[in-house]
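Letter by letter, the chains look like this.
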Amino acid sequence: MTLPDLAEISIGNLWRMKLRSFLTISGVVIAIAAFVAMLSFGAGNQKYVTRQFNALGLLHTMQVYPARAEGLADSVKIPALNSAMVAKLAGLPGVNLAYAFDVFRVSAQIADTIIGTEAQALPAAAARTKIFSQLLAGALFTGDSAKEAVVTSQFLDSLHITDPDSLIGQRLVISVRAASIDSGMAAVLRGGMNTIHERIRQVRFDSLVNQDYLWALARRELNDAMKRFVDGYLNSRATIADTLTICGVLKSAEQGRLRVGPLIIPLATAARFSAAGPGENPVDLFSSLQSGGLFLADDPGSARSFSKVTLDLEPQAAYTAIRDTVETLGFRTFSFMEQFEEIKEFFVYFDLGLGIVGLIALVTASLGIINTMVMSILERTREIGVLKSLGADDRDIRNLFLVESGTIGLIGASCGIIFGWLITRLVSTIAQTIMVRQGLDEIELFALPLWLVLIALSFGLIVSLLAGAYPARRAARVDPVKALRSD
Amino acid sequence: MDDVNLSIPRGEFLGIVGASGSGKSTLLNLLAGLDTPTSGTINIDGSALSALNRRQLSTHRARCVGMVFQSFNLISHRTALQNVELALYFNDTPLGERTGRATDILQRLGLGDRLNHRPADLSGGEQQRVALARALVKRPEILMADEPTGNLDEMNTRHIAAMLAELNREGLTVLMATHDTALARECARRVIRMSYGRLVNEEDVRATGGVTS
């Protein structure tokens, strides 16, 4: 018997027993629909993450961090991630661009509204990378010295502005209340020579030979100098301000370790803010003390250390070689590519877990197929005898029942895929409505890739064929003589 | 069955008579390859059926043997035409020829207007003619009819008997098991009698074939 013959007889038999066939196929439909809906959720999330990584060009990006001091011997010098090092990293083979994560606190004024926010100094070349490509309105700044600024949707939220276009062309006054090292220094020397003279007079020179007195004197003077320095530093109120034009609004990006400041200013324009020395925050003071750049008045910016440098890599760059080189220089690295591999691995297990749940449902449905096929043998024993009398061999009869169970599986899987897809559409619509109401970005939670369709069809077919194997074997072994005598 | 020695020449019309349980159907099942003897041999055209495996026996039934049963054994959900076509599924008849051949044989047996009727819509005589068409459509060498008129009235009995005789005259070897000795003597050239599985009597009924309808 040819496959079309088998198919014709099988479909005829299923059509004849409409209700039973419908119920059996329904079991497969529900199981496959559950299987598809669950795996579709995994596939949708994987697709979303992949799209985000690709849209932001994260797979060709490497983050460089200063080495941690913990665990290192005191003699080991931790290299500074400063401007010179940024330039060196930019020169590595395969590196398109290197730029520091240079963030500082500013006051931003638009019309009558003033908010405190973080500003990020960014070279114009970096602004053209994919990370900064998701513009909601306007354009990126035109050069490193442009008196322009790009704000993010996070900045808009701070101002309660909903229309990004309304900000384009608006004047933005940026000001920094930079603490002045000079004022700190001046406080130490407060009172001038008279004060110094007065303090010298208080020294008991005859006791200087006494080491305890000498140390006590040194501690007292150092303590007093530090007190006056910090007092002078924290109470300085030097303000640096500039007026910029908002040229673009960028979508806020938060992807693991990727963070884009609410306000982005061209590198050269931002230099006078970021190089102004530490801000009012005492933490900045200690950071500058640690980096050793606190008193470098000639070019404070050159000695600044950054918490992070981003490397934009060429698409075909030897990622491992670059990572090894950077780590040899004494820095830590983080790659979104490695994170992406870990995410992909997670999704494999996630999909596997969901798939197993779906398969359990499918195995349950297969019991319905076995039941249907066994009942079919009992009802069609005489027919089997007739077919054998006409020349059907055991293989023909076995194939006939296998094709019948396979048809159940194929129809069930096909309808199940459609049904599962409809379920995902319904859930997706509800989820997106909730997302919109909560002001979140609309995310497509589900995806139905071709591989999922093929796997669902294959599983439906394979499980139904396995379910039909026993009844088919039993049907093939029916004795034709007894079958022809049966009622 | 026991101690049955029988030789059937090509073109023979053999009537097998006997009471119920005498072994008539068993003899036909053995000759058709539906059943296998525990001992002894069956040779058809010089080939021993016992030497054939199950698959070869199926091929033997598909190509050489046409069978007709007392209870017709038509498949209830298939039309007359589809029932007849079914016999061509197993002997490699090309798909394009099946409907034509099935239609021809049904028309020849007077069922040209009943092609698309299901068995339940046909009379007993018509059902048996469909069964006969199903047996003949594959152009077998041997037609085995097991009580073909057992469920038919007098008129249909004579009609079927006449058809079998006609087919025999055209050269087909016909083996007909029946409990109706008169019918067997009327149709067949030779009649054997079975009793308790043994061949107890053999009678050459007529020198020449022929039957009155």
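This structure is a prediction, so every number in the text was calculated from the model and none was measured.

On to the overall build of chain A. Check the secondary structure of chain A and you find 16 helices and 13 strands. In chain A, which comprises 487 residues, the share counted as buried stands at 45%. Sequence separation of at least 24 residues holds for 82% of the intrachain contacts in chain A that already meet a minimum separation of 6. Of the roughly 24800 Å² of accessible surface on chain A, a fraction of 61% belongs to carbon and sulfur atoms.

Our focus in this paragraph is the pairing of strand S1 (residues 61-66) of chain A. Residue and element names in this part refer to chain A. The buried fraction of S1 amounts to five of the six residues, a majority that puts the element mostly inside the structure. Summarising the sheet, S1 and strand S12 (residues 309-313) pair through four bridges and their orientation is antiparallel. Its bridge partner being in S12, Met-62 is matched across the sheet by Leu-311. Relative to strand S13 (residues 331-335), S1 is paired through five bridges, and the arrangement is antiparallel. Note that in S13 the partner of Pro-66 across the bridge is Phe-331.

Next up on the list: the interface of chain A and chain B. Residue-level contacts link 24 residues of chain A with 24 residues of chain B. Carbon and sulfur atoms make up 54% of the surface buried where chain A meets chain B, a total of about 2100 Å² over both sides. In terms of surface lost to chain B, no three residues of chain A exceed Ser389(A), Leu390(A) and Val481(A), which account for 25% of the buried area on that side. If you look at where chain A meets chain B, you find four salt bridges. Our count for the contact surface shared by chain A and chain B stands at 11 residue pairs in polar contact (both at pLDDT 80 or more). Looking at the side of chain A that touches chain B, the elements with two or more residues in it are helix H1 (3-16), helix H13 (381-390), helix H14 (394-437) and helix H16 (480-485) of chain A.

This brings us to the packing of aromatic side chains. All names here are of chain A. Within the structure shown, the criterion is met by seven aromatic pairs over all chains. Arranged with centres 5.7 Å apart and planes meeting at 55°, the rings of Phe-41 and Phe-446 form a pair that is tilted. With Phe-41 in helix H2 (residues 18-55) and Phe-446 in the loop between H14 and helix H15 (450-476), this pair connects stretches of sequence that are 405 residues apart. Residue classification places Phe-446 among the buried residues on the basis of a relative accessible area of 10%. Both rings, one in Phe-347 and one in Phe-350, keep their centres 6.2 Å apart while their planes meet at 75°; by these two values the pair is edge-to-face. Placement of both Phe-347 and Phe-350 in helix H12 (residues 336-379) is noted, with a separation of three residues, approximately one turn of the helix. Residue class for Phe-347 comes out buried when judged on its relative accessible area of 7%.

So, about the nonpolar core. One broad trend across soluble globular proteins is that nonpolar side chains are buried collectively. Phe401(A), Leu132(B) and Leu143(B) are the most contacted members of the largest nonpolar core, which totals 106 residues. If one sorts the elements of this core by residue count, H2(A) sits on top with eight residues. Residues within four places of Phe401(A) in sequence aside, it is in contact with Met373(A), Ser376(A), Ile377(A), Arg380(A), Ile384(A), Ala472(A) and Ala475(A).

Below, the discussion takes up the confidence of the model for chain B. Residues and elements named next belong to chain B. For chain B, mean pLDDT is 88; residues scoring 70 or higher make up 96% of the total. Mean pLDDT values for the elements of chain B range from 86 in strand S3 (residues 47-48) up to 94 in helix H3 (residues 80-86). Ignoring residues within four places in sequence, the model shows residues 208-213, a span with pLDDT below 50, making 13 contacts including any to other chains.

A few words now on the sheet that holds strand S6 (residues 173-178) of chain B. Residues and elements named next belong to chain B. Read across the sheet, six strands follow the order S4-S5-S6-S1-S7-S8 without closing on themselves; strand pairing throughout is mixed. Looking at the sheet topology across the chains shown, the edges are occupied by strand S4 (65-69) and strand S8 (198-204). The sheet shows a mean angle of 15° between the axes of neighbouring strands, taken without regard to direction. Here four bridges tie strand S1 (residues 13-17) to strand S7 (residues 190-195), and the two strands are oriented parallel to one another.

Quick look at the side chain of Gln432(A) now. Tracing the backbone shows Gln432(A) in helix H14. One polar contact links the side chain of Gln432(A) to the main-chain carbonyl oxygen of Ile443(A), over a distance of 3.4 Å.

This brings us to the environment of Ala80(A). Residue and element names in this part refer to chain A. Within the fold, Ala-80 resides in the loop between S1 and helix H3 (83-90). By relative accessible area, Ala-80 is classed as partly exposed at 33%. For the pair Ala-80 and Ser-307, spaced 227 residues apart in the sequence, the C-alpha separation amounts to 9.7 Å.

A word on the pattern of salt bridges. One side chain can pair with another of opposite charge once the charged atoms of both are near each other. Inspection of every chain in the model, using the stated rule, returns 29 salt bridges over all chains. Linking Arg98(B) and Asp5(A) is a salt bridge whose minimum nitrogen-to-oxygen distance equals 2.7 Å. Taken together, the positions of Arg98(B) in helix H4 (residues 95-108) and Asp5(A) in helix H1 put the pair across two chains. Here Asp5(A) falls in the buried class, since its relative accessible area comes to 3%.

Reading the values: the criteria
- Residues numbered from 1 in each chain as written.
- Chains lettered and ligands numbered in written order.
- Predicted model: local features only at pLDDT ≥ 70, side-chain atom pairs only at ≥ 80, totals over all residues.
- Heavy atoms only, no water.
- Helix = DSSP H or I, 4+ residues; strand = E, 2+ residues; numbered from the N terminus.
- Buried < 20%, exposed > 50% of the residue type's maximum accessible area, 1.4 Å probe, protein only.
- Contact = heavy atoms within 4.5 Å.
- Areas by Shrake-Rupley, 256 points an atom, 1.4 Å probe, with all protein chains shown as cover.
- Pairing = 2+ DSSP bridges.
- Buried area = accessible area lost by both parts, 1.4 Å probe.
- Salt bridge = Lys/Arg side-chain N within 4 Å of Asp/Glu carboxyl O.
- Polar contact = N/O pair within 3.5 Å; in protein donor to acceptor, adjacent residues only side chain to side chain.
- Phe/Tyr/Trp six-rings, centres within 6.5 Å; stacked < 30°, edge-to-face > 60°.
- Core = buried A, V, L, I, M, F, W, Y, C linked by side-chain atoms within 4.5 Å.
- pLDDT = per-residue confidence, 0-100.
- Axes fitted to C-alpha atoms, helices over the stretch in contact; angles between N-to-C directions.

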